[in-house]
Amino acid sequence: MAFSSLHIHCKLVACAHACRYCSMGKKTLSALEPERLHALLARFLEWEAQGGLRIGYVVNYTDNFDRRTLELLHDLARRFPRTYEPLRRMSLGGQPLRTDQELKTWLAERRAFGCISAHGSLAGTGPVHDHWNGQKGNFDLILRTLRMAGEMGFALGARLFVARSTLTTLKDLNDLLDTLPMHPGNWRYAMPFFYAGWAAQLEEERIDEAVRDSLPDWLLALMGACISTGEGCRSEREWIELLRMAPDTPERGLVLNVNAQNIAMLEQKCFEEIVSDLAVRTQAAYAAIPSAAELCERYGDRSGTKVYGLARCLEMKWLDRHLADHPMPFERALTHLTLS
Ligand code: SF4
């Protein structure tokens, strides 16, 4: 297994509400000072610039950064520009309720720190969405934020969750989204809940081929435009056909989860040691579980008609079945079989 990239994750900021479909499931904050994380990220990014591994970094759970964190992340964005960095595109998930005036101030601050687009995930409209997102008023908040952000020149993104309980609301939702300001960078797509985190327990909400194939053309087009996969939303048996043609050894990146427990060690060790240790642990994690082809062979349902947005969702489902049969500890967070 060769690794050409390193993805650094840090759970710095708590969500203001708990979505029932959250693909990250149970949450543990990193409990770090942003200054310490900034110094560590800067070291890694300097190493990349000197020929080290390609570095990506994500600071979540939510984008609700305080002023100090904004300044530190902006410093990194300025010194080490890249297409994907936390301040450029803002997710509206996990935000606290805000008045229009508070929203205006907040968006203006984010724009001053380099944000060019805002995107939200919508599980239906009104009370249906609020139920799924665990916050009364969340639907109104996201729509107001998108509208105001669009009026201020931000590009807008929207992901519509297609589930049995959201189906009847999706036409109204799409019509409402059509009333938002149009910009060249706007995007919209629709997909089922991921199979990950809490949503792994929501299989009864998953539509099947019969429901998918009876959806109106506009919604099918949004499902086909699912930018996460580029391949649309397929049923288990359709994904299995596609996976047969996938390469046996896809390229994997290393994942480094930074938290209060490991930061002192990361500050002291040289990059080669960190990467070599991570590579050994990652290889051990993959060696502990069957390959994707084996999981598919043992647990794949060749007549399964439920629809998934990512092939990876099925790999995670098959792995869960394997672990239910053969419980064992392994570092799943280092593999691609978790969403974070
Ligand atoms: S889905 Fe996003 S906003 Fe909702 S609880 Fe999970 S991380 Fe937070």
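These numbers were taken from a predicted model, which means no experiment stands behind them.

J.: I'd like to hear about the packing of aromatic side chains, residue by residue, with values.
T.: Scanning the model with the defined rule gives eight aromatic pairs in all. Between phenylalanine 44 and tryptophan 47, the ring centres sit 6.4 Å apart and the planes meet at 75°, which makes this aromatic pair edge-to-face. In this pair, phenylalanine 44 and tryptophan 47 both sit in helix 1 (residues 34–49), three residues apart, roughly one turn of the helix. When its relative accessible area of 0% is taken as the criterion, phenylalanine 44 is described as buried. In this structure tryptophan 47 comes out as buried when scored by relative accessible area, which is 13%. A centroid spacing of 5.2 Å and a plane angle of 65° characterise the contact between phenylalanine 44 and phenylalanine 271, whose relative ring orientation is edge-to-face.

J.: Just give me the short version of the site of the ligand, but keep the residues and values in it.
T.: Looking at the ligand, the residues that line it are Cys15, His17, Cys19, Cys22, Met24, Lys27, Gly93 and Gly94. For the shell around the ligand, the residue count by class is four nonpolar, three polar and one charged.

J.: Requested: an account of the nonpolar core, with residues and values cited.
T.: Residues Tyr21, Met90, Leu107, Leu122, Val162, Leu177 and Phe193 are the most contacted members of the largest nonpolar core, which totals 70 residues. Filtering out sequence-adjacent residues up to four positions away, leucine 177 remains in contact with Leu122, Leu146, Ala158, Leu160 and Arg188. With 36 residues, the next largest nonpolar core counts Cys10, Ala42, Leu87 and Leu278 among its residues.

J.: Explain the pattern of salt bridges to me, using residue names and the numbers behind them.
T.: Under the definition given, this model contains 24 salt bridges. Of the charged contacts, one joins arginine 244 and glutamate 241 as a salt bridge, the two residues approaching to 3.3 Å between their closest N and O atoms. With relative accessibility at 52%, the residue arginine 244 sits in the exposed group. A cluster of three or more residues bridged by salt bridges with shared partners is formed by Glu35, Arg67, Arg68, Glu71 and Glu109.

J.: So, unusual backbone geometry: which residues are in play, and what are the values?
T.: In this chain, asparagine 60 is followed by tyrosine 61 through a cis amide linkage whose omega measures 15°. Mapped onto the elements of the fold, tyrosine 61 is located in strand 2 (residues 54–61). A positive phi is found at alanine 31, a non-glycine position, where the angle reads about 55°. What makes alanine 31 exposed here is its relative accessible area of 60%.

J.: Please set out the packing of helix 4 (residues 126–133) against helix 5 (residues 138–151) residue by residue, giving values where relevant.
T.: Here helix 4 crosses helix 5 at 105°, and the two axes come no closer than 7 Å. Classed by the angle they form, the pair helix 4 and helix 5 counts as roughly perpendicular. Contacts between helix 4 and helix 5 involve Gly126, His129, Asp130 and Asn133 on the former and, on the latter, Asn138, Phe139 and Ile142. Partitioned by chemical class, the residues of the contact of helix 4 with helix 5 number two nonpolar, four polar and one charged.

Cut-offs used in this document
- Residues numbered from 1 in each chain as written.
- Predicted model: local features only at pLDDT ≥ 70, side-chain atom pairs only at ≥ 80, totals over all residues.
- Heavy atoms only, no water.
- Phe/Tyr/Trp six-rings, centres within 6.5 Å; stacked < 30°, edge-to-face > 60°.
- Helix = DSSP H or I, 4+ residues; strand = E, 2+ residues; numbered from the N terminus.
- Buried < 20%, exposed > 50% of the residue type's maximum accessible area, 1.4 Å probe, protein only.
- Near = heavy atom within 4 Å.
- Nonpolar A, V, L, I, M, F, W, Y, C, P; charged D, E, K, R; others polar.
- Core = buried A, V, L, I, M, F, W, Y, C linked by side-chain atoms within 4.5 Å.
- Contact = heavy atoms within 4.5 Å.
- Salt bridge = Lys/Arg side-chain N within 4 Å of Asp/Glu carboxyl O.
- Axes fitted to C-alpha atoms, helices over the stretch in contact; angles between N-to-C directions.
- Parallel < 35°, antiparallel > 145°, perpendicular 65-115°, else oblique.

These values are about where atoms sit, not about what they do.
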